[in-house]
Amino acid sequence: MILYKLQCKKGHEFEAWFASSDAFDRQKKKGQLACPSCGTKSVSKALMTPNVTPRSRRKAAAPDKQQPTGSRKPETQRPETQRPEAQRPDTQRPEAQRPETQRVAAHSELVTALRKLRAEIEGKSEYVGARFPEEARKIHYEEVPARGIHGEATAEEAKALKDEGIEFYPLPILPEDQN
Ligand SMILES: [Zn+2]
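Attention in this report is confined to the structure presented alongside it. Predicted model only: the values in this text are computed from it and were never measured.

### Describing the overall build of the protein
When you go through the protein residue by residue, the secondary structure sums to five helices and seven strands. Along its sequence from the N terminus, the protein presents helices and strands in the succession β-β-α-β-β-α-α-β-α-β-α-β. Here the protein holds 179 residues, and 22% of them are scored as buried.

This is how it looks when you write it as structure tokens:
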């Protein structure tokens, strides 16, 4: 049995047991999976990516919180905004795409930012699938040079990584992901 950390397209996280990785795929295909919070069947395994700052440099690293000011709390879950120095994007946003009301603006900009962040992580990091915990650990303990990776972890593996002080966060789920 595998306990997977799952995420729906609205960002609700939950956990579920499966006989195997294949069982997850089969059940998803048959529409047997649904988010317990909102009922959507657009559910996927939460992809994880580590904060690759090696231990020796961690003390110098400051948290990078970029919460939009003056906006209401978005309905989608706010993702962690920490990410490796090397992957921090230049901020360029076309003015023309700014919607009118602040609330819509906040949401639209959030999605745009998430899309950009995710594209960057996926573009610059290696997909390691189920080897994620192993690879994240190697990078953390500096057995291999730091690099960007993303992949899957079971809830149990995720907890073990956290217990070891290995930082990682789920990749943002985008509205178009599950269509
Ligand atoms: Zn949901």
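Now, onward.
### Concerning the sheet that holds strand β7 (residues 168-170)
Here we have four strands laid out as an open sheet, ordered β5-β6-β4-β7, and mixed in their pairing. The open sheet has two free edges, formed respectively by β5 (126-129) and β7, since each of these has just one partner strand. Taken pair by pair, the neighbouring strands of this sheet meet at an average axis angle of 30 degrees, ignoring direction. Here strand β4 (residues 47-50) runs beside β7; their pairing, made up of three bridges, is antiparallel.

### A look at helix α5 (residues 155-163)
Buried residues of α5: E157, A158 and L161, and no others. All buried residues of α5 lie within an arc of 100 degrees about the axis, which places them on one face of the element. The exposed set on the far side of α5, more than 90 degrees from its buried face, consists of K162 and D163. If you follow the buried residues of α5, they end up packed against β1 (2-8), β4, α4 (132-140) and β7. Looking at the residues trailing α5, positive phi occurs at G165, about 80 degrees.

### Structural notes on the environment of P175
Within the fold, P175 resides in the segment after β7. Taking the C-alpha atoms as reference, P175 lies 9.5 Å from G11; in sequence the two are 164 residues apart. The residues contacting P175, other than those within four sequence positions of it, are K9 and V111.

### Overview of unusual backbone geometry
Although it is not a glycine, E142 adopts a positive phi angle of roughly 60 degrees. Accessibility expressed as a C-beta count within 10 Å gives 11 for E142, which makes it exposed.

### Brief notes about the pairing of β5
Judged from the three bridges that link them, β5 and strand β6 (residues 149-152) form a sheet pairing that is parallel. Paired with G129 across the strands is G151, a residue of β6. Chirality of the crossover, the property in question, places the unit of β5, α4 and β6 among those that are right-handed.

### Quick word on the sheet that holds strand β3 (residues 43-45)
Taken in spatial order, the three strands line up as β2-β1-β3 in an open sheet, and their pairing is antiparallel. Each of the sheet's edge strands pairs with one partner strand only, and the pair in question is β2 (13-18) and β3. Geometrically, the sheet is characterised by an average inter-axis angle of 40 degrees between neighbouring strands, direction not taken into account. Sheet topology places β1 next to β3; three bridges connect them, and they run antiparallel. Opposite L6, over in β3, you have K45 as the bridge partner.

### Re the pairing of β6
A two-sided burial pattern is seen for β6, the buried positions comprising I149 and G151 on one face and H150 and E152 on the other. Relative to β6, β4 is paired through two bridges, and the arrangement is antiparallel. By the bridge assignment, M48 is partnered in β6 with G151.

Here is what the cut-offs are and how they apply
- Residues numbered from 1 in each chain as written.
- Predicted model: local features only at pLDDT ≥ 70, side-chain atom pairs only at ≥ 80, totals over all residues.
- Helix = DSSP H or I, 4+ residues; strand = E, 2+ residues; numbered from the N terminus.
- Buried ≥ 20, exposed ≤ 12 C-beta atoms within 10 Å, placed from the backbone.
- Pairing = 2+ DSSP bridges.
- Axes fitted to C-alpha atoms, helices over the stretch in contact; angles between N-to-C directions.
- Arc of directions from axis to C-beta.
- Contact = placed C-beta atoms within 7 Å.
- Right-handed = clockwise from strand over helix to strand, strands pointing away.

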